[in-house]
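The lines below spell out each chain.
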Amino acid sequence: MGARAGACAAEVLGLIEETLREAGLPPSRVVELATLDAKAGAAGIAGAAARLGVPVRGYPAELLAGIAVPRPSAAPLAAVGTGSVAEAAALAGGGRLLVPKRKSNPAAGPARATCAVACRGQSEWNRHGGK
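Residues numbered from 1 in each chain as written. Predicted model: local features only at pLDDT ≥ 70, side-chain atom pairs only at ≥ 80, totals over all residues. Heavy atoms only, no water.

(A) The arrangement of the side chain of Ser84 in detail. Here Ser84 lies in the loop between helix 4 (74-80) and helix 5 (86-91). The exposure class assigned to Ser84 is buried, which follows from its relative accessible area of 5%. Separated by 3.4 Å, the side chain of Ser84 and the backbone nitrogen of Glu87 make a polar contact. Among all residues touching Ser84, those that are not within four sequence positions of it are Leu64, Val69 and Pro76. (Helix = DSSP H or I, 4+ residues; strand = E, 2+ residues; numbered from the N terminus. Buried < 20%, exposed > 50% of the residue type's maximum accessible area, 1.4 Å probe, protein only. Polar contact = N/O pair within 3.5 Å; in protein donor to acceptor, adjacent residues only side chain to side chain. Contact = heavy atoms within 4.5 Å.)

Rendered as structure tokens:
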């Protein structure tokens, strides 16, 4: 997960639910929300994690900056020192990317949250290509 200042739990959770639904992934398979360590306590991310009943794992920008991602961006690079937060944090624990970065689509104003989904370990999603 990535989140700008002002991202509320409803926006973050809505993005997660939409992303999972469109990918055909059940929310019950979410084991954590991974993000930049500086954002781990942000209200939107922490609130969404609480509603999902999962922990938040924060990674330092230096670690995230070293992870190859398909869609790096200049905006987080300038803001926090890594070209990716959502995709890099999803991949930081190992595994493979199932859903590349997506942005929230709030009714008013710019997107304040990004989400990517990775699968770790030897789950059915990894063995069967996510289907």
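(B) Local environment of helix 1 (residues 9-23). Look at helix 1: 21 Å from first C-alpha to last across 15 residues, which is about the 21 Å you get at 1.5 Å a residue. Burial in helix 1 covers these residues: Ala9, Glu11, Val12, Leu13, Leu15, Ile16, Thr19 and Leu20. Buried residues belonging to helix 1 abut strand 2 (33-36), helix 2 (43-52), strand 4 (96-103) and strand 5 (113-119). Phi turns positive, to about 70°, at Gly24, one or two residues after helix 1. (Expected span 1.5 Å × (residues − 1).)

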